[in-house]
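# Geometric and topological summary
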There are 2 protein chains.
Amino acid sequence: MSSTVLYMSMSLDGFIAGPNETLDNGLGDGGERLHEWVFSGDTGLALDETGPVLDAEDRSADHPEAAVGGHLRVNRQIVNEFMSTGAVIAGRATFEPAGGWRGDHHDGVPIYILSRHAAPAWVADWPAVHYVSDLEVAVRDAKRAAGEKNVLVHGAGIAQRALGAGLLDELEIHLVPVLFGDGRRLFEHLGVGQRELERVRVLEGDGGVTHLRYRVCR
Amino acid sequence: MSSTVLYMSMSLDGFIAGPNETLDNGLGDGGERLHEWVFSGDTGLALDETGPVLDAEDRSADHPEAAVGGHLRVNRQIVNEFMSTGAVIAGRATFEPAGGWRGDHHDGVPIYILSRHAAPAWVADWPAVHYVSDLEVAVRDAKRAAGEKNVLVHGAGIAQRALGAGLLDELEIHLVPVLFGDGRRLFEHLGVGQRELERVRVLEGDGGVTHLRYRVCR
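Per chain, residues are indexed from 1 in the order of the written sequence. Chains carry letters from A onward and ligands carry numbers from 1 onward, assigned in written order. Local features are withheld for residues below a pLDDT of 70 in this predicted model, meaning they are given only at 70 or higher, and side-chain atom pairs are given and counted only at 80 or more; totals for whole chains, interfaces and linings count all residues. Hydrogens and water molecules were not included; the side-chain quantities draw on all heavy atoms of the structure.

## Focus: the relation of the copies chain A and chain B
Which entries qualify depends on this criterion: Copies overlap after least-squares fitting; the atoms used are the C-alpha atoms of residues with pLDDT of at least 70 in both. Residues count as neighbours in contact if any of their non-hydrogen atoms are within 4.5 Å of one another.
The operation relating chain A to chain B is a screw motion whose rotation component is 180°, with 0.0 Å of axial translation and a residual RMSD of 0.0 Å. A rotation of that kind, with that shift, is consistent with a two-fold axis. Residue Gly14 of chain A, judged by its C-alpha, is the member of chain A lying nearest the rotation axis, at 3.3 Å. Here 100% of the contact residues of chain A are again contact residues in chain B; the copies associate through an equivalent surface.

## Re the sheet that holds strand S13 (residues 210–216) of chain A
What counts is decided by this rule: Two strands pair under a simple rule: DSSP has to find at least two bridges between them. Starting at the N terminus, helices and strands are each numbered in turn, a helix being any DSSP run of H or I of at least four residues and a strand any DSSP run of E of at least two. Axis definition: a line fitted to C-alpha atoms, limited for helices to the stretch in contact. Angles are taken between N-to-C directions and run from 0 to 180 degrees.
Taken together, nine strands build an open sheet; the order of strands is S7(A)-S6(A)-S5(A)-S8(A)-S1(A)-S9(A)-S13(A)-S12(A)-S10(B) and the sheet is mixed. The open sheet has two edge strands, strand S7 (129–132) of chain A together with strand S10 (178–179) of chain B, and neither has a second partner. Note that strand S5 (residues 87–91) of chain A and strand S6 (residues 111–114) of chain A share four bridges and pair parallel. Considered in S6 of chain A, the bridge of Ile89 of chain A is made with Tyr112 of chain A. With respect to the sheet, helix H5 (residues 156–164) of chain A is in contact with strand S1 (4–11), S5, S6, strand S8 (151–154), strand S12 (195–204) and S13 of chain A together with S10 of chain B, its orientation differing from that of S5 of chain A by roughly 100°.

## Quick look at the confidence of the model for chain A
All names here are of chain A. Just so we agree on the cut-off: pLDDT measures how confident the predictor is about each residue, on a scale from 0 to 100.
Confidence in the prediction of chain A, expressed as mean pLDDT, is 90, and 91% of residues score 70 or more. Taken together, the stretch residues 59–68 has pLDDT below 50 and engages in 12 contacts with residues farther than four places along the chain or on a different chain. The complex model carries a pTM of 0.91, and its ipTM stands at 0.91.

## A few points about the side chain of Gln160 of chain B
We apply this condition: We define a polar contact as two N or O atoms separated by no more than 3.5 Å, with the added condition that, inside protein, one atom must be a possible hydrogen donor and the other a possible acceptor, whereas residues neighbouring each other in sequence contribute only through side-chain atom pairs.
Of note, Gln160 of chain B is situated in helix H4 (residues 156–164). One polar contact links the side chain of Gln160 of chain B to the main-chain carbonyl oxygen of Leu186 of chain B, over a distance of 2.8 Å.

## Concerning the interface of chain A and chain B
Threshold: A simple way to read buried area is as the amount of 1.4 Å-probe accessible surface that goes missing from two parts once joined, with both sides added. By definition, a salt bridge exists where a carboxyl oxygen of Asp or Glu is found within 4 Å of a side-chain nitrogen of Lys or Arg. In this classification, the charged set is Asp, Glu, Lys and Arg, the nonpolar set is Ala, Val, Leu, Ile, Met, Phe, Trp, Tyr, Cys and Pro, and all remaining amino acids, among them Gly, are polar.
On the chain B side, the residues contacting the 36 residues of chain A number 36 residues. Here chain A packs against chain B, burying approximately 2,900 Å² in sum over the two surfaces, 56% of which is carbon and sulfur. The largest per-residue losses of area from chain A upon contact with chain B belong to Leu12, Leu179 and Arg199 of chain A, which jointly make up 25% of the total buried on that side. Counting the contacts that link chain A with chain B gives six salt bridges. We note a salt bridge from Arg199 of chain A to Glu204 of chain B, for which the minimum N-O separation is 3.8 Å. Where chain A packs against chain B, one counts 18 residue pairs in polar contact (both at pLDDT 80 or more). Sorting the residues of the side of chain A that touches chain B by element identifies strand S9 (170–176), strand S10 (178–179), S12 and S13 of chain A as the ones contributing at least two each. The biggest single contributor to the side of chain A that touches chain B is S12 of chain A, with six residues. By residue class, the composition of the side of chain A that touches chain B is 18 nonpolar, nine polar and nine charged. When S10 of chain A meets strand S12 (residues 195–204) of chain B, the two strands line up antiparallel, connected through two bridges. From the neighbouring strand, Val178 of chain A faces S12 of chain B, where its bridge partner is Glu196 of chain B.

In structure tokens form, the structure reads like this:
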């Protein structure tokens, strides 16, 4: 069964972006600090001047079964997991500043973008990208497309809406050892009372990043 | 060397109390959810109608070396740690709604309460309690009183001020598997830029509580 899983890097004080976010400054001031763990060490992903790329020197990302033991291996395991999902759901405010991931988040899996507006012209040629105005429809279509795989959910706005609507099955928080003090919070305006979670996994990654996995209780 | 260590239970979304805090409702609506782990299982602490009490049936809290292994033992280990500190610092807004811990947080160690006001009459008879108007003085006196032991720091307001002033050495966050959605946040108004932390320990306690220990980098 496919689950919707929110993957987000978050500072200990709850921020997923620094202050002064703009289209050109999508992570806010200093926000790249939260993503260093993804691109350092042996995770199979690297940054070039155009953005994240698969590290061609090392294709063991294709073999998740090798990724066991050690803090560096933990980070690779987590990257392998979210790069093995069968569909992606995000909000427009996450997708567009990221350049639409050039139309392919990973492996060409379908990408569902929640938006009240139609897709902009620069997106129109990308067959994997679907602009959807209804979250429930996005989740249904993404789960169907993902088959047995999970659906990667990404972004604070969509996390808040999906949690509020009971459409988020699991949370994978990459807790980064830093205090931001200011910026955009992951959990805000939830509009729900207390919501119990079930801790299902804790992994200590390199760089002091702790990967916390929770199931959202119904 | 004595360190100041913040011990706080926090929901995954960063709250340390529920909404509608008052003097009679010091944890806010539903806030007791965050402290269940302290009083369940075999931690050596229990709740009676007057508040927290040492569990007289089980004094192994006096022997922290016995507290190793297993999720229940983890919670006991953490309780043993903060009940072995040599002094306490808190704000008036934490201390007074808690009934001033009846003048004795644990073992009669000195308690420093940060307040712009003089101690109220009902506190005057408690020799361990000192009202102090200057945080730096409180930290200096508490460290001196604690000797080789650490200083327990407790409360959101004092945490924020101590972090801002560079007077907090370590954080021990008891991360509780629940979303509150509303209430009082631990990390707010920090008034500092990015502050790096060093993860020094992760322990998985019973009830899905994850104890995260960080050193504040200078």
